Structures are given as C-alpha cells and as structure tokens.
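Topology and contacts: notes
The primary structure of each chain is shown beneath.
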Amino acid sequence: MPPKDFIQARATNQPTLVDDRPYFPNLSVTLTSDELVEESIEQSNPSSSSHNSISSSSHNFTSNLLHSQSSILSTALAIIFYDSKPPDNIAQSLRVKTVTGGITNALYCITGFKPIMPYNNILIRIFGAEGMIDRDVETSTFAHLALANIAPHYFGRFANGRLEGFLEQFSPLVVMDLQIKTNMEAIAKKMARVHSGFQVPNELEEFHIPNEPGLWTQLHLWMKQASAIDPELGFKSKGDSDRAKRLLNLTFVQNQLHWVEEEVIPKDSKIAFCHNDLLPANIMKHTITGEIRLIDFEYGGINFVAFDIANHFNEFAGGPEKMSGEPDYSLFPDVNEQRLFITAYVKECRLSVNHGNGSDEHGDNGDNGDNEEDVQEDVANLTKEVHAFVLANHLYWGLWAVNQAATEGTETFDYLAYAWHRFNRYTEDKAELAF
C-alpha cells in the first residue's frame, strides 16, 4: 500500500502504478548549471497563469536542446503517456518555462499541450529539501488531496519529482495581498474547509496519526539535525560557519522549545490535517473570479489548527520572497485583522461541521454557524491559542532555515539571516505576549 509501494518500486527499478498514477523510479530530471530555460514565471505578472509566476519569453524545443530541458520534457511525456504512445512530433509544440518564487523546490511549467490534450500547461516539480521531507508520504498525501479537489491534479511521480496540474488563470499572492480584507476572509474559509473537510485515508493513518500532531516530532527532529551540524565544516556556503557562530544560539533554542512545548501550548488544542506553510506564494487567486486555491502541501499533516493560523499570521511579515530573508513585522496582522480572519474561520468551521453532520445549510435548530455569542467565545479562545503558537512557529521555521543553510547553502536565499530573524522575533513576541 502507498507509500510503501514507492519503496517496492524502487527495489525493482521499474515503472509501476502507485496511488493509481505512474511512478518511474528509474527516471530523474537532470538540471545543468548552464541551463537555458529562457522563460521565467514571475510573481508580479498578473496576465499569465502560474504556480508562482510567469513571464512571456519562450524557448521552443529543438534537436539541439540542452540536456536539462530534454530531461524535463522526456520525463513528463513518459508519465503523461504511461499506457499509450505519445503523438508524433508533440515535442515540437511544447515549451518550458521556469517557475520562480519557490524556495524548497525547482519548478517548471511545460506549456503547449492543447489541442492534443484537454489542458495546455503542466507543472513539473523537482524536489528540494533533501532528507527533510519524506517524499513517499508527502506524494501519497498530495495524491489524496488532489482527489479531494483540495490540491491540483496529480499526474505521477519520477525519481526526484512529480507532475502536477497547472492552475489556469491563477496567480500567487504577494505579501501585501494578505492585507486585503476580502483575501483574509477567503483564505480563512479555505483553511477551515481543509481542517474540517479532509479526512486522512486509512492507508496513510500510520504516517498521519489521528490525534497525534506532528509539530513536536518535527521540531525535535529539526533541533537534533541543527545541533548535529559541524560548526566548522557543516555549512555549504563560504563564510557561513563563522556567521552561524555569530548569529545562532541553538542551546537557547533548545531550552525555549522545551518551555513552549511544556508550559505554553494548551494541552487540549484542536487537531486536524493542516497545511502548515501558508505563505503568500502558496495561495493562488483566480485573476477573474477571485477564487482562492491553496497549493504546496509538502509540509502538510496532522497538526494543531491554531499553529496553521499562527503560521499564516507570521507570513504577513514576509521574508521568504526576499533573498535577504528579512521579514517586516510591522505588517503582522493587528487586533482587528486577527479578529476578522479568525471570525471568518470559526464561522466556516461551524458550517462545515453542520454539513458534515448531514444537516441543512442552516444547521440544526436554525444554527447557520453565526450564533454571535458562541462565535465570539470560539474566536476569543482560538485567538489565545494562536498567540501561543506564534512562538512555536518562529522556532519551527528558524530551525528549518538552519538546516536548509547547511544542506542548500545561502547564495540564492539567506537561510541563516532568516533563521536569526525568526529567533529574534521569538524573543520579542515572548516579551510582548507576556508568556
């Protein structure tokens, strides 16, 4: 059963079906340092449909393609036409575009499938964060999220990545978009539907154990990994060992992690399947209808719902979209914005529960999820929990960034600076929130 089927397929090194989709353990996309995929997808371009952004230059496939481009295309066609022969000369109609805005993965869009296929674009994701994400579990989870119409379509997987549906006429949000009230409410409702509506399938329960949030397991694992980094040789980029000694105090982080887990987080905090990484680039908005879609569930799992909200609030400050990794915490939602978001979330959760119980849209006894006294009580309680998880969230992404600095380097994104900013803000929030 998936994800164990992925392991069995790798043992045979033969293509097979896992989660009813092709898996090619013997195919990898190879990217060369001199890659010339000329198109890029940029977040600021509202006229194009993109998973993180698109620009307009193009590069047609020819017999003289660089190896990296040919590798992307041949891998995608093998998956798409797993049980059939590709149309003759289909490669001549296809183009590759680089999708920018992602930190963890390398993303590309293959475009030009129409009229041969019902869709024109496909996203190809080449996995990053090696060793930090279980890609067997993550991909099987993604497959089920796609079936539930929460995540984009899942076409199949290869050795170091997978193919996904491309959200047509959607563009990713940017940091300032989170300040827009209609976006706040729409995101809150979408998050509530994930928390209330997605049930982990039986075959994945051993990996997403019901009522066992993954937060502490992940934090302690990342803490252990960060503590094991060789202070002299453990960082990939030149000069980062000295910077790490100057910027980081992992003994302090270890002590604070224990305190937050034991003394700050409520023991009865609500648990559900959570996204865990709702930064602007993982929130797509339809350019015409305004519909909101959530993408990139690779850190998703059973967790505290208040952590998911706290994570999103911290992302108001940005940071990952800048090479410097510097957030602007003046953008953190104020009291009124927090109330707006959490109220919309609570009301949507109450409606979802009513629907799940088989009641009509107004619920039993005419309750449509808007009983003001009950709603405000839920909002007040959840707000307190969110404030507690704001602290845990700083430790979470701070430790993630330390480990990323060691494995990925800091040339394209300053993970060490980002870690310092998150740990520093933890100290400030701890004092301000009076924990």
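Residues numbered from 1 in each chain as written. Predicted model: local features only at pLDDT ≥ 70, side-chain atom pairs only at ≥ 80, totals over all residues. Heavy atoms only, no water.

This part covers the overall build of the protein chain. When its secondary structure is counted, the protein chain shows 11 helices and 13 strands. The proportion of buried residues among the 435 residues of the protein chain is 56%. Once local pairs closer than 6 in sequence are excluded, the contacts in the protein chain between residues at least 24 apart make up 72%. Carbon and sulfur atoms make up 49% of the accessible area of the protein chain, which totals about 19,100 Å². (Helix = DSSP H or I, 4+ residues; strand = E, 2+ residues; numbered from the N terminus. Buried < 20%, exposed > 50% of the residue type's maximum accessible area, 1.4 Å probe, protein only. Contact = heavy atoms within 4.5 Å. Areas by Shrake-Rupley, 256 points an atom, 1.4 Å probe, with all protein chains shown as cover.)

Attention shifts here to the packing of helix α8 (residues 305–315) against helix α10 (residues 372–408). Interhelical geometry of α8 versus α10 gives an angle of 65 degrees and a closest axis separation of 7 Å. In terms of their interaxial angle, α8 and α10 are classed as roughly perpendicular. The way α8 lies across α10 gives a crossing that is right-handed. Between α8 and α10, the residues in contact are A306, F307, I309, A310, N311, F313, N314 and E315 and L382, E385, V386, F389, V390, A392, N393, H394, Y396 and W397, respectively. Classifying every residue of the contact of α8 with α10 gives 12 nonpolar, four polar and two charged. (Axes fitted to C-alpha atoms, helices over the stretch in contact; angles between N-to-C directions. Parallel < 35°, antiparallel > 145°, perpendicular 65-115°, else oblique. Left-handed = near helix turned anticlockwise from the far one by under 90°. Nonpolar A, V, L, I, M, F, W, Y, C, P; charged D, E, K, R; others polar.)

For the coordinates displayed, the defined rule picks out 18 salt bridges. Linking D414 and R243 is a salt bridge whose minimum nitrogen-to-oxygen distance equals 2.8 Å. Pair noted here: D414 is in the loop between α10 and α11 (415–432) and R243 is in helix α6 (residues 240–247), with a separation of 171 residues, a long-range link. Of the two residues examined, D414 and R243, each falls in the buried class. Across the salt bridge formed by R350 and D378, the nearest N and O atoms sit 3.5 Å from each other. Of the two residues, R350 sits in helix α9 (residues 335–356) while D378 sits in helix α10, which places them 28 residues apart along the sequence. Linked through salt bridges whose partners overlap, the residues forming this network are R125, R135, E138, R162, E164, D296 and E298. (Salt bridge = Lys/Arg side-chain N within 4 Å of Asp/Glu carboxyl O.)

This part is about the confidence of the model for the protein chain. When pLDDT is averaged across the protein chain, the result is 88; 87% of the residues are at 70 or more. Note on residues 34–38: pLDDT is under 50 here. Beyond four places in sequence and across chains, it has 16 contacts. Within the model, the stretch residues 41–66 combines pLDDT values under 50 with 98 contacts to residues more than four positions away or in other chains. (pLDDT = per-residue confidence, 0-100.)

On to unusual backbone geometry, then. Residue P115 is reached from K114 by a cis peptide bond, and omega for that bond is 5 degrees. Mapped onto the secondary structure, P115 falls in the loop between β5 (106–111) and β6 (121–126). The phi torsion at Q169 lies on the positive side, around 60 degrees, for a residue other than glycine.

In the contact formed by helix α5 (residues 215–227) and α10, the axes pass within 9 Å of each other and the chain directions differ by 40 degrees. The orientation of α5 with respect to α10, classified from their angle, is oblique. The hand of the α5/α10 crossing is left-handed. Across the interface between the two elements, L215, Q218, L219, W222, M223, Q225 and A226 of α5 pack against F389, A392, L395, Y396, L399, W400, V402 and N403 of α10.

On to the packing of aromatic side chains. Inspection of the entire model under this criterion finds 23 aromatic pairs. Residues W222 and W397 carry aromatic rings whose centres are separated by 6.3 Å and whose planes lie at 45 degrees to one another, so their mutual orientation is tilted. Taken as a pair, W222 in helix α5 and W397 in helix α10 lie far apart in primary sequence, 175 residues in all. Overall, W222 belongs to the buried group, its relative accessible area being 0%. Take W397: its relative accessible area is 3%, and that puts it in the buried class. Pairing F313 with F316 gives two aromatic rings, centres 6.1 Å apart and planes at 90 degrees, and the pair type is edge-to-face. (Phe/Tyr/Trp six-rings, centres within 6.5 Å; stacked < 30°, edge-to-face > 60°.)

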